[in-house]
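# Report on the structure
Chain residues, written in single-letter form:
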Amino acid sequence: MNIGILTKPAYNAVSHYRLAPWIVLGKYSDAQTVLINPKTVTEYELRLIHVLIAHSPSTKLEYNILTLARSYGVRIVIDCDDLLQAVPGINPASEYWGKEETQDIATELITHAHLVTVSTDQLAGEFLSRFGVEARVINNALDDSAFAVSPKRTYDETKPIKVLWRGSNTHEGDLYTHRQAFREYDNLEFHFFGYRPEKLTTRYGGNLETINYIPGEKLVSDYMIRLLAIAPDIVIVPLEDNDFNRCKSNIAWLEATWAGAICLAPAYMPEFNRKGIMNYEDVTDLVTQLGYISTSDIPPHESGLLEASRQDIQTNFLLSKINEARAEALQTLF
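Notes on the structure in this doc start here. This is a predicted model, so every value here is computed, not measured.

## Focus on unusual backbone geometry
- For asparagine 187, which is not glycine, the phi torsion reads 60° and is therefore positive.
- If you trace the backbone, asparagine 187 turns up in the loop between α7 (172–177) and β8 (188–193).
- Even without being glycine, alanine 231 reaches a positive phi, approximately 55°.
- Tracing the sequence through the fold places alanine 231 in the loop between α8 (220–230) and β10 (234–236).

Laid out in structure tokens, this is it:
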């Protein structure tokens, strides 16, 4: 079986967690994967493949390629990691995803695909109610062929507890709604990896005097290496309660655990309500929990939560296991 993967302009987190796993599947099975560049693909290339996989396609070029491939009998698989039909207005991505033409193309491709795969149960539920499409859930996972075991962490209990937020400007709304939690605590310091949220400073009505900012990394491999070097004790995931966020996957938890940190995330987000994750109920509760963490006699890494997360991931969220679901999904196409 020849599997074509419609590539994105750059290899980013979406490529790493949603498209590259199909390549890994091909390496360890009888399937052969072929990268399809949407700007240079020919009809000959399309006729050579049995399956064409595209992640959240929405452009005219992607539409034309997928439609042409389908006319040649190629099975079309649409994969989605976010509810892009409900991007909040404060998110810069809403400028593109809020366009009627963008949504029309995306909707038609989803409803006409031979198979739709998504990363969470919540997202599958939204696709069923919005499009009448029964999507197959294939969770995100740690690639144990590349990032199986992180180096053993050494914890320095003489230093302040390091709380890391990682993300981009797409989370400006999430940070702003949680701004009361980002303040000075005893024995605790915040670091921001990938985006400098100036609105959390006192200058703009926040509570932090300064921002400990760490520039992001373009390459996923460099990002993972930098994450280890930062050596966070806790990775905080503040998310506003809305449909878009409720469909989010728990990549932050996967990466935090790999880096030897505990994940602190909202209990109202389905994918973060797991054993091993420290949950908060609302912003007030988050302030209370951060205050407790900063004064507790038990260091975060001795709470048992990190080990519980590691066991959960080892059992349920390694790519070698999750790719079994991809293999099963392919079989349903023929």
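Right, picking up where we left off after that structure.
## Thoughts on the sheet that holds strand β2 (residues 32–36)
- Pairing is parallel across the open sheet formed by 6 strands, whose spatial order is β2-β1-β3-β4-β5-β6. A strand with exactly one partner marks an edge of an open sheet, and here the two such strands are β2 and β6 (136–137).
- Alignment of strand β4 (residues 75–80) against strand β5 (residues 115–118), held across 4 bridges, turns out to be parallel. When the bridges of β5 are listed, isoleucine 78 appears paired with valine 116.

## Brief notes about the pairing of β8
- Extensive coverage of β8 is indicated by the burial of 5 of its 6 residues.
- Pairing between strand β7 (residues 161–166) and β8: 6 bridges, direction parallel. By the bridge assignment for β8, valine 163 is matched with phenylalanine 190.
- Considered for its hand, the β-α-β crossover made up of β7, α7 and β8 is right-handed.

## Overview of the pairing of β2
- Looking at chain direction, strand β1 (residues 2–6) and β2 are connected through 5 bridges and run parallel. The residue of β2 that forms the bridge with isoleucine 3 is threonine 33.
- Handedness of the crossover is the feature at issue here: the chain leaves β1, passes through helix α1 (residues 13–27), returns alongside β2, and the resulting connection is right-handed.

## Considerations on the nonpolar core
- Of all hydrophobic cores here, the largest spans 53 residues; its most connected members are Phe190, Leu264, Phe272 and Leu290.
- Among all residues touching phenylalanine 190, those that are not within four sequence positions of it are Val163, Ala181, Phe182, Arg183, Tyr185, Leu208, Asn212 and Leu290.
- Formed by 27 residues, the second largest nonpolar core is a distinct cluster that contains Ile49, Ile76, Ala113 and Phe131.

## So, the pattern of salt bridges
- Taken as a whole and assessed by the stated rule, the structure comprises 12 salt bridges.
- A salt bridge links glutamate 198 to arginine 196, with the shortest nitrogen-to-oxygen separation between them at 3.7 Å.
- Notably, a salt bridge pairs arginine 274 with aspartate 312, separated by 2.9 Å at the nearest N-O pair. One end of the pair, arginine 274, is in the loop between β11 (262–266) and β12 (278–280); the other, aspartate 312, is in helix α12 (residues 305–316), and 38 residues separate them in sequence.

## Brief notes about the packing of aromatic side chains
- Summed over all chains, the structure comprises 10 aromatic pairs.
- For the pair phenylalanine 127 and phenylalanine 131, a centre-to-centre distance of 5.2 Å together with 90° between the ring planes defines the contact as edge-to-face. Note that phenylalanine 127 and phenylalanine 131 are positioned in helix α6 (residues 121–131) at a spacing of 4 residues, about one turn of the helix.
- Taken together, the ring pairs in this structure connect Trp165, Phe182, Tyr185, Phe190, Phe192 and Tyr195 into an aromatic cluster.
- We note arginine 179 situated over the ring of tyrosine 176; from NZ or CZ to the ring centre the distance is 4.0 Å.
- Note that arginine 326 overlies the ring of tryptophan 22, its terminal NZ or CZ placed 5.5 Å from the centroid.

Criteria and cut-off values
- Residues numbered from 1 in each chain as written.
- Predicted model: local features only at pLDDT ≥ 70, side-chain atom pairs only at ≥ 80, totals over all residues.
- Heavy atoms only, no water.
- Helix = DSSP H or I, 4+ residues; strand = E, 2+ residues; numbered from the N terminus.
- Pairing = 2+ DSSP bridges.
- Buried < 20%, exposed > 50% of the residue type's maximum accessible area, 1.4 Å probe, protein only.
- Right-handed = clockwise from strand over helix to strand, strands pointing away.
- Core = buried A, V, L, I, M, F, W, Y, C linked by side-chain atoms within 4.5 Å.
- Contact = heavy atoms within 4.5 Å.
- Salt bridge = Lys/Arg side-chain N within 4 Å of Asp/Glu carboxyl O.
- Phe/Tyr/Trp six-rings, centres within 6.5 Å; stacked < 30°, edge-to-face > 60°.
- Lys NZ or Arg CZ within 6 Å of the ring centre and 35° of its normal.

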